[in-house]
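If you want the building blocks of each chain, they are given just below.
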Amino acid sequence: MTNRLYEKAYEAANACVQCGYCLPACPTYASMGKESASPRGRIHLVKMAAEGKIDVLRDLRPPIDLCLGCRACEAVCPLNVRYGKILEAAREEIVVQQSARPAPGDRLTRMLLKNVFPHPGRLRRLGDLGRFLQVSGLLRLVRFPGANRLLPERLTYFAKALPAIPPAGERLRFGHVYPAKGKRKARVALFAGCVMDAVMFRIHRATVSLLTAVGAEVAVPAGQCCCGALHLHQGMTDEARKLARRNIEAFERCEADWIAGNAGGCGAAIKEYGRLFADDPEWTARARRLAGKLKDISEILLELGPLPFVNGPETVVTYQDSCHLLNVQRVGRAPRVLLEQVPGVRLAEMEGADRCCGSGGIYNLLHFSESMAILDEKMERVRETGAEVVISGNPGCILQLQIGIERAGASRRMRSVHLAEFLAERCGL
Amino acid sequence: MGMEKQAVWLKDLFDIFPKERVLTDLADRHAYSFDASMGEYLPVAVVQPQSKEQIQRLVRLANSHRIPLYPRGSASSLSGGPLPVYGGVVVDMSAYPKRLTIDTENMLAIATPSVITAELHRKAEEAGLFYPPDPSSSSVSTLGGNLMENAGGPKGLKYGTTKDYVIGLEVVTPTGEIIRTGGKTVKNVTGYDLTRLLVGSEGTLGIVTEAILRLIPKPRARRTVMAAFPRFEDSGYALTRILGAQILPSAMEVMDEYCIRAVEEYEPSGLPLDAEAILIIEVDGHPAAVEEEAAQCEAICREHGAALVRAAATAEEQAQIWKARRLISPAIARLGPTKISEDATVPRGRIPDMMKRLRQIREKYRLNLVVFGHAGDGNLHPNILTDRRNAEEMARVEKAIGEIFAAAIELGGTLSGEHGIGLMKKPFMEMELGKEGVDMMRKIKEAWDPNNIMNPGKIFPDRNEADR
Ligand SMILES: Cc1cc2nc3c(=O)[nH]c(=O)nc-3n(C[C@H](O)[C@H](O)[C@H](O)COP(=O)(O)OP(=O)(O)OC[C@H]3O[C@@H](n4cnc5c(N)ncnc54)[C@H](O)[C@@H]3O)c2cc1C
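Residues numbered from 1 in each chain as written. Chains lettered and ligands numbered in written order. Predicted model: local features only at pLDDT ≥ 70, side-chain atom pairs only at ≥ 80, totals over all residues. Heavy atoms only, no water.

### Observations concerning the overall build of chain B
Threshold: Counting from the N terminus, the helices are DSSP H or I runs at least four residues long and the strands are E runs at least two residues long. Taken over C-alpha atoms, the radius of gyration is set against a globule rule of 2.2 Å times the number of residues to the power 0.38. Residue contacts are defined here by distance: any two heavy atoms, one from each residue, within 4.5 Å place the two residues in contact. Only the protein chains shown count as cover for residues, and the accessible areas themselves come from Shrake-Rupley with a 1.4 Å probe. Lys and Arg are tallied as positive, Asp and Glu as negative. Neither His nor the chain termini are counted. One atom stands in for each charge, and that atom is NZ of Lys, CZ of Arg, CG of Asp or CD of Glu.
Along its length, chain B carries 16 helices and 18 strands. Taking 2.2 N^0.38 as the reference for a compact globule, 468 residues should give roughly 23 Å; the C-alpha atoms of chain B span a radius of gyration of 23 Å, in line with that estimate. If you take every contact in chain B between residues at least 6 apart in sequence, the share linking residues at least 24 apart comes to 71%. Taken as a whole, chain B presents about 19,100 Å² of accessible surface, with 52% of it coming from carbon and sulfur. Once the 57 positive and 63 negative side-chain charges of chain B are each reduced to a mean point, those two points are 2 Å apart.

Following this line, the structure appears as structure tokens:
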């Protein structure tokens, strides 16, 4: 049993010399203040579990569950230890062992990941339901003082932070090609994802307007689906692999120059598709080809730009790195360069912009109080910048930061938006 | 220690600490079972004191139940310093409240031991001051760990090591008294210099709760020179000539041919693959002086056969040169998953001899042994890259380490320049200090810690262990 973990993770874990250089980079080590909440500690525990010295479910699971998966540790590791791989292996092992005696919460999460997320149609219907609740005012009920007592605290915050869902007609059409404005410089395929496509599709609209404005023809390949990152993070490797195959096929058919990602987490997952097919050389090669074409929207805009900015009001903004955009895709400069180009905008860097906001996929849902401890600290840093707009490149971070704004009671003077939306506003698109 | 007895005092910990500051889960205990050396020992519990009074009560409890206490900072020790070799309780001092005051008028810093070294560097610099001890681990190490290991770094040659900057301490002794040593004055001859005794004592003489550190004015300018030598000896001659020319560089780092090759393969940056040694020399001080000194260093390296000399004035160029040094760690890691870092140190003039001996050891035991380090003060870092799962090779490694120590001592040097004795080097103590020397240290330990509860099992073999 544990041999499985040994095979998958031991070599990678054993490469860690426990120097501790990752400690200052780890948000949970900072907030929880103990070694089992540090990357070095977690790697050691994976090793102990692989050696059979501790139990996977009783001992290894809690510290692994509490990892945000932000992978800031990987970026600072002097030995390039592959923490992501170790974490995934541990999560997979936990799921395998847990499946014998699943907890009710696990069952619900897994059911959703298995039966809803892979199907864009079902997700869109959920998104429409969300809009109905918003528009009908039902969702506004959570704003009543008494609501907190009826609903779990976390849900009320999510409901408040969720941006207005536009009418279904504004969604991008799968299989559609949006022509470039002016001379066509490149053919770009847009990765639509799950939540972004169902709920936050205003960001997709903005993305398409920006890309076409700088001369890209944008295709939205049919047959694509959720990237599988959430599944992978929950240890559902088989599901993740299925989704990856569907995406690889869909994007191969589209034959674009680049694949544009506008969600840091999804882009990172696609960049690492190769890892999913370790023992299948053909799929590995196809996955790597796809990964090679993926670029974050900020990189593409910088390359094909300049953007057609219009004059706007003086605005102070700050940029929060999406962990997976920064630590896995290694994109941190492009968004900042773009923001600095916007007339009237001053980019005020916050201290620790490269540190996780505590969103971590669905970490904030699963581990609400741990996540909020990190978020409240983050909001202090945001406040110090005096920014009116907090900008990020990943939907999860945007929601989380909006929750932070709500918690700080600052929703009148501050908002959280995606880079694409902000740039589109400033181009008058 | 029987299970029954354990249960008794375990419960008592909760009278001293709130329950979230006592960690007893198996996962937590394993997470405190290691440091950056190779050892692994499971403690019974971990505590996170928040005040010196809590520590005092803990120490008293430890004395009445004979509980081994193991102070721990960030556990970046390379010598096993914080390892709980006899179980007991790990005292996690990294979670101690962080307080740091810079007193610009008296050029002092007053800090709790949990403050990270780099944080002191940053805060001192903001005040136009400078705290020179710069272990490469400064972004993670705590001041407490630095004090107790007497940490050094590249700047040791010109500026000395941690001990040269500590002028006062507050300590909870192994018998539970809270004492202050030294004070806020650089000059102080009132009685025995307990501060110096405590610095470098590896947590065996008490738990530090506060330190007063001396700061100096920040040097105004800095220049870096890199030189590659086709023959190792020549780098040694160049080094001696530079120091002979009345230049005291703030750093003089050397890397051997195996490091050079590993770094160049890891990330090509135009290092000459046929070079046997690279020297990185940094001078700091008044802008006019450093300009002249850097030019002199360049010339001396050329005269002594350096095939390639690069000089850097801007911060960016300097970073480029230091990058080669920084890349040694990841580059050599590819030679094997287990890294054993030694820091045997010899008088500066014996470096070429030591290098020769190290090369012989490398060949004799067929090991991936690479050498880099602080050449200016003779503090070399022979590193062996191996795999702890390979028992046959580990046996050779052990023999090689013994020979490295023997060579260093024969050449008039010491077992450890800055990493400390801790665990693995303690069998070699008598080789360097003689029986009487070790005995004198042991008497001090016994006077301070009659019940042997403070980091027991470190530095010298226990009495019963010594008779082996
Ligand atoms: C990659 C790497 C590079 C390194 N480079 C250098 C270098 O350049 N120079 C150098 O000198 N060292 C170096 N080291 C070694 C190590 O970082 C230093 O010894 C450092 O001082 C240890 O600090 P720490 O906080 O990690 O202490 P720990 O490792 O946790 O503890 C070290 C010792 O201090 C004791 N201790 C800790 N806190 C207290 C306290 N409050 N009271 C009493 N005792 C205490 C412990 O019991 C132990 O004996 C390096 C280590 C690594 C992994």
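Back to the write-up after that little detour.
### Focus: the pattern of salt bridges
Residue and element names in this part refer to chain A. As a reminder of what qualifies: Within this document, salt bridges are pairs made up of a side-chain nitrogen of Lys or Arg and a carboxyl oxygen of Asp or Glu, the two lying within 4 Å of each other.
A full pass over the atoms with the stated rule returns 58 salt bridges over all chains. Close ionic contact of E272 with R71 constitutes a salt bridge, the shortest N to O distance being 2.7 Å. Of this pair, E272 sits in the loop between α15 (264-271) and α16 (281-293) while R71 sits in the loop between α4 (56-65) and α5 (72-76), and the two are 201 residues apart along the sequence. A cluster of three or more residues bridged by salt bridges with shared partners is formed by R71, E74, E88, E272 and R275.

### Structural notes on the pairing of strand β14 (residues 277-285) of chain B
Residue and element names in this part refer to chain B. For the record, the criterion: Note on exposure labels: buried denotes an accessible area under 20% of the residue type's maximum, exposed denotes more than 50%, and partly exposed covers the range between, all computed with a 1.4 Å probe on protein chains only. Two strands are counted as paired when DSSP detects at least two bridges linking them.
When you tally the buried positions in β14, you get nine out of nine residues, the bulk of the element. Along β14, one buried face is formed by A277, L279, I281, V283 and G285 and the opposite face, lined by I278, I280, E282 and D284, is buried too. With nine bridges connecting them, strand β12 (residues 221-229) and β14 associate as antiparallel partners. Counted as the bridge partner of R223 is V283 from β14. Pairing of strand β13 (residues 251-256) with β14 involves six bridges; the strand directions are antiparallel. The partner of M255 across the bridge, within β14, is I278.

### Quick look at the sheet that holds strand β6 (residues 108-111) of chain B
Residues and elements named next belong to chain B. Selection criterion: Under this scheme, a helix contributes an axis fitted over its contacting stretch, all axes are lines through C-alpha atoms, and angles between N-to-C directions fall in the 0 to 180 degree range.
Read from one edge of the open sheet, five strands run β5-β6-β10-β8-β9, paired in antiparallel fashion. The open sheet terminates on both sides in strands that have one partner only, identified here as β5 (100-103) and β9 (178-182). Strand-to-strand twist in this sheet, taken as the mean axis angle between neighbours without regard to direction, amounts to 15 degrees. Pairing geometry for strand β8 (residues 166-172) and strand β10 (residues 207-214), over six bridges, is antiparallel. When the sheet's bridge partners are listed, G168 is paired in β10 with I212. Along the sheet face, helix α3 (residues 52-65) touches β8, β9 and β10 and points at about 55 degrees away from the line of β8.

### Quick look at the domain arrangement of chain B
Put simply, the rule is: Domain segmentation is taken from an automatic or database assignment of domains.
Taken domain by domain, chain B consists of domain 1 (3-95), domain 2 (100-217), domain 3 (221-329) and domain 4 (335-410). Taking only C-alpha atoms, the centre of domain 1 of chain B and the centre of domain 4 of chain B are 33 Å apart.

### As for the packing of helix α12 (residues 201-213) of chain A against helix α17 (residues 297-304) of chain A
Residue and element names in this part refer to chain A. Short version of the rule: Our angle categories are set so that under 35 degrees counts as roughly parallel, over 145 as roughly antiparallel, 65 to 115 as roughly perpendicular, and the remainder as oblique. Handedness of a helix crossing follows the sense of rotation of the near helix relative to the far helix, less than a right angle counterclockwise being left-handed and clockwise being right-handed.
Two numbers describe how α12 lies on α17: the axes approach to 10 Å, and their chain directions differ by 20 degrees. Between α12 and α17, the angle falls in the class roughly parallel. The two elements α12 and α17 cross, and the hand of that crossing is left-handed. Residues T207, L210 and L211 of α12 pack against I297, I300 and L301 of α17.

### Notes on the domain arrangement of chain A
Residue and element names in this part refer to chain A. Inclusion rule: Here's the idea: put two parts together, see how much 1.4 Å probe accessible area each one loses, and the total over both is what we call buried area. Side-chain classes are defined by residue name, with Ala, Val, Leu, Ile, Met, Phe, Trp, Tyr, Cys and Pro counting as nonpolar, Asp, Glu, Lys and Arg as charged, and the others, Gly among them, as polar.
Domain parsing of chain A yields domain 1 (3-101) and domain 2 (307-426). Using C-alpha coordinates to define each centre, domain 1 is positioned 28 Å away from domain 2. Tallying the contact residues gives 18 residues for domain 1 and 14 residues for domain 2. For the pair domain 1 and domain 2, the summed buried area comes to about 1,200 Å², and 60% of that belongs to carbon and sulfur atoms. Across the contact surface, domain 1 and domain 2 share zero salt bridges. Those elements that place two or more of their residues in the side of domain 1 that touches domain 2 are α2 (27-32) and α5. The leading source of residues in the side of domain 1 that touches domain 2 is α2, at five residues. A per-class count over the side of domain 1 that touches domain 2 returns twelve nonpolar, three polar and three charged.

### Some points on the packing of aromatic side chains
The line we're drawing: In this scheme Phe, Tyr and Trp rings, the latter by its six-membered ring, pair at centre separations within 6.5 Å, and the angle between planes marks the pair as stacked below 30 degrees, edge-to-face above 60, and tilted otherwise. Note on geometry: a ring has a charge over it if NZ (lysine) or CZ (arginine) is within 6 Å of the ring centre and within 35 degrees of the ring normal.
Within the structure shown, the criterion is met by seven aromatic pairs over all chains. When the centroid spacing of 5.3 Å and the interplanar angle of 90 degrees are considered together, the rings of B:F130 and B:Y159 count as edge-to-face. Taken together, the residues B:F130 in strand β7 (residues 129-130) and B:Y159 in helix α6 (residues 156-159) connect sequence positions 29 residues apart. Its relative accessible area of 7% is what places B:F130 among the buried residues. A relative accessible area of 14% places B:Y159 in the buried class. Relative to B:Y165, the ring of B:Y131 has its centre 6.0 Å away and its plane inclined at 75 degrees; by these criteria the two rings are edge-to-face. In this pair, B:Y131 sits in the loop between β7 and α5 (143-149) while B:Y165 sits in the loop between α6 and β8, placing the two residues 34 residues apart along the sequence. Among the residues examined, B:Y131 registers a relative accessible area of 2% and is labelled buried. Taking NZ or CZ as reference, A:R245 lies 5.2 Å from the ring centre of A:W283, over its face. Taking the ring centre of A:W283 as reference, the NZ or CZ of A:R286 above it sits at 4.2 Å.

### As for the sheet that holds strand β4 (residues 89-92) of chain B
Residue and element names in this part refer to chain B. Sheet architecture is open: four strands sit in the order β1-β2-β4-β3, paired in mixed fashion. The two strands at the open ends of the sheet, each matched to only one other strand, are β1 (22-23) and β3 (69-72). Summarising the sheet, β1 and strand β2 (residues 45-47) pair through two bridges and their orientation is antiparallel. Across the sheet, V22 pairs through a bridge with V47, a residue of β2.

### Details of helix α11 (residues 315-326) of chain B
All names here are of chain B. For clarity, the cut-off: To estimate how far a helix should extend, the number of its residues minus one is multiplied by 1.5 Å. Taking the helix axis as origin, the arc is that swept by the directions to the C-beta atoms.
Under the 1.5 Å per step criterion, the end-to-end length of α11 is 15 Å for twelve residues, consistent within 8% with the ideal 16 Å. Among all positions of α11, only Q318, I321, W322, A324 and R325 are buried. Angular distribution of buried residues about the axis of α11 spans 135 degrees; they occupy a single face of the element. Structural note: α11 exposes E316 and R326 on the side pointing more than 90 degrees away from its buried face.

### Observations regarding the nonpolar core
Heads up, the condition is: By nonpolar core we mean a set of buried residues, namely Ala, Val, Leu, Ile, Met, Phe, Trp, Tyr and Cys, connected to one another through side-chain atoms within 4.5 Å.
The biggest cluster of nonpolar side chains holds 59 residues, and the ones touching the most others in it are A:L210, A:L301, A:L307, A:I391 and A:L423. The biggest single contributor to this core is α12(A), with six residues. Each residue touching A:L210, except ones within four places of it in the same chain, is listed here: A:I297, A:L301, A:L307, A:A420, A:L423, A:A424, A:C427 and A:L429. By size, the runner-up hydrophobic cluster in this structure holds 55 residues, among which are B:A227, B:I361, B:M394 and B:A400.

### Thoughts on the environment of B:P219
All names here are of chain B. Topologically, P219 is positioned in the loop between β11 (216-217) and β12. What makes P219 buried here is its relative accessible area of 15%. Along the sequence, P219 and P287 sit 68 residues apart, while their C-alpha atoms lie 9.0 Å from each other.

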